[in-house]
Amino acid sequence: MTTNILILASNAKAVRWQQWFAEAGSNAAVVASVEAAYSALTAGGNHALVVELAFAGDEAQLLHERCQDHEVELVLAVDGTPGPAHYEQAMSLSALGVISTVDSSAAAPRLLDRLRTRMESRGRARGEAERWRVQSEDLRRRCRQQAAKFQESQETFYLDLSRMMTIITNIMDGIVFVDRDGNVTLMNPCAEDLLGMKSFVAIGRPIAEMQGLHELLDALIEDHGLMEGQKELFRTVEVHDTEQDLLYIKCMTSRVHDYRGHPAGTLTVLRDITAEFKTDQLKNQYLSIVAHELRTPLTGIKTFATMLAKGTLGGLNNRQERVCESMREQSVRLEHQIDKLINLGNLESEDYGQDREVVTIADFFAGMLLPFEQPARDRRIELVIENDVSEQSLFADRSDLRRACQALIENAVKFACDDGRVTVSVVQEGDGVRFHVSDDGIGIDPRYQRRIFEKFFQVEDPLTRHHGGAGLGLFVTRGIVEAHGSRIEVSSQLGQGADFSFMLPIYQPGHSGLVIDGASDRSRLL
């Protein structure tokens, strides 16, 4: 790279130094005044300024400053031999070096080498500075973008939080959230009313230290203590309220996990079901009263119809016998429906209990199909029982479980096709046995398979349906099966029949309390 040297000196000396720099391969120009030097520096293109100290006089410091402004190296020129004072001044002015009239022509190349080295170093520094400037600008741009994104995310977060808190505050159910350390972190106004305490008192305190309606708080503390081995718990709590006689609160407690799947706390939803509970109570009481009141006259009708059919009250002709037999069958059918209503009331009562005993499966199934043989013959339905575990025993309420199985068989016969088949089978699965009742009838639409176990639910329109029944058989069956610690399952497709099944443990002395399939507790029935 060719260097441009500007020389500010007297004519004779300037020509000499100009010749040296030219011989070293540099472009050297001479100016005769300080003002001309200022103009040349301002115009640019110069790499070094050689200043004769005697010629510059007091302007040397100003020239140094101008050189710094234009990134031009300063070289001091001395007439004669340079002394220590000259070198001190060169150092104070950060000069590239000192050249004198007594130097040889080799001094110029040495200065030019130092000039090129400094220029290269300055170029590298300039490039590094430019690189850092670009990186710094890019970093500032990214920081601005991240700050904008953070601001947007923060606004979205607070908006979502505000919405969530508004929903939680105005929701009609009570909500209590407890963190992993057992401290209350959230409680909405409805929970305050139900628990009888204010959230500002409870927030940040352990749930065990809360004071309010003790029945509900005791239930919450107990459920939270049981959550280590459970995903969710349900219970209905009877609360003695000061303003009302009794409140019935359904507590639904479940575990909450963070985005990594780690436990984050426990959430309890409190729902006031007093109205539904009392309505259910009144309905069950009414049904029980009506059922018992109907059963009293029905007993007399059934008795007299039986006596007439058997000829106890005198001889009857064939037509009269058929009429009496029909009366007796219809009274038995009505008695069966009344028994379902009575069993419904017993099943949902708080003091419902079971009379369990050890019974072999062979004894349990003895005579199971007798009530359905005639209806099956009338429609040419084949009744089949398959029992490969006759010698195994169960620990169960014989009458209740038999009632549940017969309800399934009755349902299968009712919906089986004419000339069809109903199969009752028992197969062993591990330490238990599974009961199946299957038919080849019309099947059940998948969208109704959860609802068929609801009380009084009918898939067909009650006013136009072709099959009788009150819609209680499957509901009672589910209640009995769940009371035995199991769960009833259904598998069906439209036009392909249906299969109902449930599993019970095989009786083993000392291990009669097995729970099969994690059946839900009976509080779900309330």
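Now for a description of the structure that goes with this document. (Residues numbered from 1 in each chain as written. Predicted model: local features only at pLDDT ≥ 70, side-chain atom pairs only at ≥ 80, totals over all residues. Heavy atoms only, no water.)

## What about the overall build of the protein chain?
Thinking step 1. The secondary structure content of the protein chain amounts to 15 helices and 17 strands.
Thinking step 2. Within the span of the protein chain, comprising 526 residues, buried residues form 39% of the whole.
Thinking step 3. Within the protein chain, counting contacts between residues at least 6 apart in sequence, those at least 24 apart form 60% of the total.
Thinking step 4. Total accessible area on the protein chain is roughly 29,600 Å²; 52% of this is exposed by carbon and sulfur atoms. (Helix = DSSP H or I, 4+ residues; strand = E, 2+ residues; numbered from the N terminus. Buried < 20%, exposed > 50% of the residue type's maximum accessible area, 1.4 Å probe, protein only. Contact = heavy atoms within 4.5 Å. Areas by Shrake-Rupley, 256 points an atom, 1.4 Å probe, with all protein chains shown as cover.)

## Brief notes about the sheet that holds strand β10 (residues 263–272)
Thinking step 1. In spatial order, the strands read β7-β6-β10-β9-β8; together these five strands make up an open sheet with antiparallel pairing. Two strands in the sheet have a free side with no partner beyond their single neighbour: β7 (184–187) and β8 (232–239). Neighbour to neighbour, the strand axes of the sheet diverge by 20° on average, direction disregarded.
Thinking step 2. Across eight bridges, the pairing between β8 and strand β9 (residues 247–257) is antiparallel. Residue pairing in the sheet places Thr236 in a bridge with Lys250 of β9.
Thinking step 3. Of the strands in this sheet, β6 (174–179), β8, β9 and β10 are in contact with helix α9 (residues 214–226), which crosses β8 at around 165°.
Thinking step 4. Across the face of the sheet, helix α10 (residues 274–309) comes into contact with β9 and β10 while running at roughly 125° to β9. (Pairing = 2+ DSSP bridges. Axes fitted to C-alpha atoms, helices over the stretch in contact; angles between N-to-C directions.)

## A word on the sheet that holds strand β3 (residues 48–52)
Thinking step 1. One open sheet holds the five strands; their spatial order is β2-β1-β3-β4-β5, and the pairing between them is parallel. In this open sheet, the two strands that pair with only one neighbour each are β2 (27–31) and β5 (97–100). Put simply, the sheet's adjacent strands are angled 25° from each other on average, direction ignored.
Thinking step 2. Relative to β5, strand β4 (residues 73–78) runs parallel, the two being bridged by four bridges.

## Thoughts on helix α4 (residues 60–69)
Thinking step 1. For α4, every residue scored as buried is listed here: Ala60, Leu63, His64 and Cys67. Axial view of α4: buried residues confined to an arc of 105°, hence all on one face.
Thinking step 2. Residue Glu71 follows α4 closely and has a positive phi angle near 55°. (Arc of directions from axis to C-beta.)

## Comments concerning the pattern of salt bridges
Thinking step 1. Overall, the coordinates contain 24 salt bridges when judged by the stated rule.
Thinking step 2. With a shortest N-O distance of 2.1 Å, Arg122 and Glu73 are connected by a salt bridge. Residue Arg122 is located in helix α6 (residues 107–170), and its partner Glu73 is located in strand β4; the two are separated by 49 residues in the primary sequence.
Thinking step 3. Owing to a relative accessible area of 4%, Glu73 belongs among the buried residues under this scheme. (Salt bridge = Lys/Arg side-chain N within 4 Å of Asp/Glu carboxyl O.)

## Here's the deal with unusual backbone geometry
Thinking step 1. Of note, Ser94 is a non-glycine position whose phi angle comes to about 55°, a positive value.
Thinking step 2. Within the fold, Ser94 resides in the loop between α5 (84–92) and β5.
Thinking step 3. Residue Ser94 is classed as partly exposed on the basis of its relative accessible area, which comes to 44%.
Thinking step 4. For Arg380, which is not glycine, the phi dihedral falls at a positive 60°.
Thinking step 5. Looking at the secondary structure, you find Arg380 in the loop between α13 (370–378) and β12 (382–387).

## Notes on the environment of Ala362
Thinking step 1. Counting through the fold element by element, Ala362 comes out in helix α12 (residues 361–365).
Thinking step 2. Residue class for Ala362 comes out partly exposed when judged on its relative accessible area of 36%.
Thinking step 3. For Ala362 and Gln392, which are 30 residues apart along the polypeptide, the C-alpha to C-alpha distance reads 8.1 Å.
Thinking step 4. Apart from the residues within four sequence positions on either side, Ala362 is in contact with Asn387 and Ser390.

## Looking at the nonpolar core
Thinking step 1. Among the nonpolar cores identified, the biggest contains 38 residues, and Phe435 and Phe500 are the most heavily contacted of them.
Thinking step 2. Sorting the residues of this core by element identifies α12, α13, β13 (393–396), α14 (398–415), β14 (421–429), β15 (432–439), α15 (473–483) and β17 (498–505) as the ones contributing at least two each.
Thinking step 3. A total of six residues in this core trace back to one element, the largest contributor, which is α14.
Thinking step 4. Ignoring anything within four residues of it in the chain, the contact list for Phe500 reads Leu408, Asn411, Phe435, His436, Val437, Ile444, Ile452, Phe453, Leu474, Ile488, Glu489 and Val490. (Core = buried A, V, L, I, M, F, W, Y, C linked by side-chain atoms within 4.5 Å.)

## Concerning the side chain of Asn411
Thinking step 1. When you line up the elements, Asn411 lands in helix α14.
Thinking step 2. With relative accessibility at 17%, the residue Asn411 sits in the buried group.

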